[in-house]
Amino acid sequence: MKYVIIGNSAAGVNAADAIRKNDKKGQITIISNEEFPAYGRPLISYYLSGKVKPENMSYRDASFYKSRKIDVLLNTEVTKIDSKNKKVITSGGKKIDYDKLLIATGSVPFVPPTNGLANQENVFTFLTYGESRRLKTAVNKNSKVVIVGAGLIGLKAAEGLFGQVAKITVLDLADRVMASVLDKPAAKLIQSHIEQNDIDFKLGVSVAEVVGEKKVSKVVLSNGESLLCDILIVAVGVRPNVALAKESGIKVNRAIIVDEYMQTSQKDIYAAGDCVESWDCLANACKVLALWPNASNQGETAGFNMSVGNKQKAPVSFAMNAISFFGLQLISAGIIGEANKNSIFDRAANKLRRLNIVDDKLLGYVLINDTQRAGIYTALINDKTKLSSLEYDITKKDIGLSVYPKASRVCKIWGQTK
Ligand SMILES: Cc1cc2nc3c(=O)[nH]c(=O)nc-3n(C[C@H](O)[C@H](O)[C@H](O)COP(=O)(O)OP(=O)(O)OC[C@H]3O[C@@H](n4cnc5c(N)ncnc54)[C@H](O)[C@@H]3O)c2cc1C
């Protein structure tokens, strides 16, 4: 059996591992258009800041591939999937046969068309280790950095550059930071904390024009203001990387459509990770849940099903972000809704605990610097537990497993069902 995997990251690597557990003899080839071996993508900002050294970026080292007899082609772009003849074609014109194919192509940065932006040398995105390295060599202590986008990636770039440059300004069209995952109080708290580290925000504005010959020297904002700039980072968002799948006739919505076994609309072609839509069990809809653990689980499921037949269903999931900014711990999960004063249970200058309780159930939460109960809250969301069935009020601070009635405590601790 010949397995080909496009993408050597969370989804692709875990798929290859699962395949090898079930098929000791099959030929496994992973193809990556990046020049580096698999690395922890969330670590690229820590590489930028110098907190993580290049030798510690690795997600799986060479022995992982060697011991599992997995061939890896780096620096190789798959340009076409010929599903009729079961081959992929690479940028070098090589044709590689497959019996089972996994598309694990992740996301691509979205760069909005902007006056003057094209072909400027000092413009960066922040999605790959290669881009983080390019940025690290481009900055110096006099650099004036403008980051467009105050989402997770833009803020992580700001954190990575902190202390290495003269000025960092973060812009966003939204009125708050991390607008897609945070409510106003949480966003305000995160913003104030980051501002204390001398990073400026300009919210509710966009870039009207980028000025400079070959190199950006200034950005003009939609409110008429101008910012001098010698490094411009575009971090307005990512899009599922679906071009290959689309061209080969695989069904694609916003992302690749897969069934519960991670199989696409075409037999023997699977997809996993940030490039697919998966079932959000809280929103009751298919969504792109662009998270490392989600990509790993889906890759593992796809690899299992590619090697033994469609038997394992992908775990259902919901949106969850666990991240830190300048030492502030943030976890948000589920449907957080809009904040109101009845949903915030603890609040201090650098702390927040908000629970979104609807119809006796916990639907989501936002925790800042108060994250020790995240596991319990997540389990309550996951199990769709009726809060009135618990022994304690979860809005109170001191909860642990004791929130559960005694009988279910035994199950939670020992995994017993009776
Ligand atoms: C700065 C940053 C911080 C993050 N922090 C977190 C975090 O704290 N927690 C969290 O859960 N998630 C985080 N994420 C998101 C997480 O990294 C992704 O969800 C995860 O990497 C998705 O894995 P994947 O395997 O689906 O795709 P990716 O990791 O995107 O890998 C896809 C790979 O496929 C390659 N590829 C694409 N097309 C081709 C082609 N045609 N031919 C060959 N190769 C191709 C790509 O170059 C890439 O190497 C972060 C992301 C970034 C950028």
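In the nomenclature of an unreviewed UniProt entry, the chain is known as FAD-dependent pyridine nucleotide-disulfide oxidoreductase of Endomicrobium proavitum. Recorded in UniProt under Sequence similarities (unreviewed entry), the annotation for the chain is "Belongs to the FAD-dependent oxidoreductase family." In its Cofactor (unreviewed entry) section, the UniProt entry covering the chain states "FAD".

Now for the site of the ligand. Within the structure, the ligand sits among 34 residues, and Ser-9, Asn-33, Glu-34, Arg-41 and Trp-292 are positioned closest to it. Here an oxygen atom of the ligand sits 2.9 Å away from a polar atom, N or O, in the main chain of Ala-11. Residue Trp-292 places a main-chain N or O atom 2.9 Å away from an oxygen atom belonging to the ligand. Starting from 1000 Å² of accessible surface for the ligand in isolation, the protein chains cover 91%. Listed by contribution, the elements that provide at least two residues to the shell around the ligand are α1 (10-22), α5 (152-161), α8 (292-308) and β22 (320-325). The leading source of residues in the shell around the ligand is α8, at 3 residues.

Its identity as a non-glycine residue notwithstanding, Met-262 has a phi of 70°, on the positive side. Inspection of the secondary structure puts Met-262 in the loop between β18 (256-257) and β19 (269-271).

Interfaces are often described in size by the accessible area the parts lose on coming together. For the chain, the domain assignment lists domain 1 (2-108 + 239-308), domain 2 (123-234) and domain 3 (327-414). Listed per partner, the contact involves 11 residues of domain 2 and 18 residues of domain 3. Taking both partners together, domain 2 and domain 3 bury about 1000 Å²; carbon and sulfur atoms supply 70% of that area. In terms of surface lost to domain 3, no three residues of domain 2 exceed Asp-183, Pro-185 and Leu-189, which account for 48% of the buried area on that side. On the surface where domain 2 and domain 3 come into contact, there are 1 salt bridge. Taking the shortest distance from any N to any O, the salt bridge between Asp-183 and Arg-354 comes out at 2.3 Å. Linking domain 2 with domain 3 are 1 residue pair in polar contact (both at pLDDT 80 or more).

Let us look at the sheet that holds strand β16 (residues 231-234). One open sheet holds the 5 strands; their spatial order is β9-β16-β10-β11-β12, and the pairing between them is parallel. On the outer flanks of this sheet lie β9 (123-124) and β12 (199-203), each paired with one strand and no other. Pairing geometry for strand β10 (residues 144-148) and β16, over 4 bridges, is parallel. Residue pairing across strands places Val-148 opposite Val-234, the latter belonging to β16.

Our next topic: the UniProt feature "domain: FAD/NAD(P)-binding" (unreviewed entry) in the chain. In the numbering adopted here, UniProt assigns the feature "domain: FAD/NAD(P)-binding" (unreviewed entry) to residues 1-299. The span residues 1-299 is 23% helical and 28% strand by assignment, and the distance between its end C-alpha atoms comes to 18 Å.

It is worth spelling out the pairing of strand β14 (residues 218-221) at this point. Judged from the 4 bridges that link them, strand β13 (residues 207-211) and β14 form a sheet pairing that is antiparallel. Across the sheet, residue Val-210 finds its bridge partner in β14, namely Val-219. Hairpin geometry of β13 and β14 is characterised by an intervening segment of 6 residues between the two adjacent antiparallel strands and by a positive phi of about 150° at Gly-212. Between β14 and the antiparallel strand that follows it, strand β15 (residues 226-228), lie 4 residues; Gly-224 among them carries a positive phi value of about 90°.

Thresholds, definitions, all that
By convention here, each chain's residues receive numbers from 1 onward along its written sequence. Predicted model: local features are reported for residues with pLDDT of at least 70 only, side-chain atom pairs are reported and counted for 80 or more only, and whole-chain, interface and lining totals are derived from all residues. To get the side-chain values, all heavy atoms of the structure are used, and hydrogens and water are removed first. UniProt positions are given in the numbering used here, feature names are shortened, and annotations may be inferred rather than shown by experiment. What makes a residue near a molecule or strand is one non-hydrogen atom of that residue sitting within 4 Å of it. Polar contacts, as used here, are pairs of N or O atoms within 3.5 Å; protein pairs need one atom able to donate a hydrogen and one able to accept it. Residues neighboring in sequence count only if both atoms are side-chain atoms. Only the protein chains shown count as cover for residues, with accessible areas throughout obtained via the Shrake-Rupley method and a probe of 1.4 Å. Secondary structure elements are taken from DSSP: a helix is a run of H or I of four residues or more, a strand is a run of E of two residues or more, and numbering for both begins at the N terminus. Throughout the structure description, domain borders are defined by an automatic or database domain assignment. We call two residues in contact whenever any of their non-hydrogen atoms come within 4.5 Å of each other. By buried area we mean how much accessible surface two parts lose on assembly, using a 1.4 Å probe and totalling the loss over both. Every case where a carboxyl oxygen of Asp or Glu lies within 4 Å of a side-chain nitrogen of Lys or Arg is listed as a salt bridge. The pairing criterion is simple: DSSP has to find at least two bridges between the two strands.

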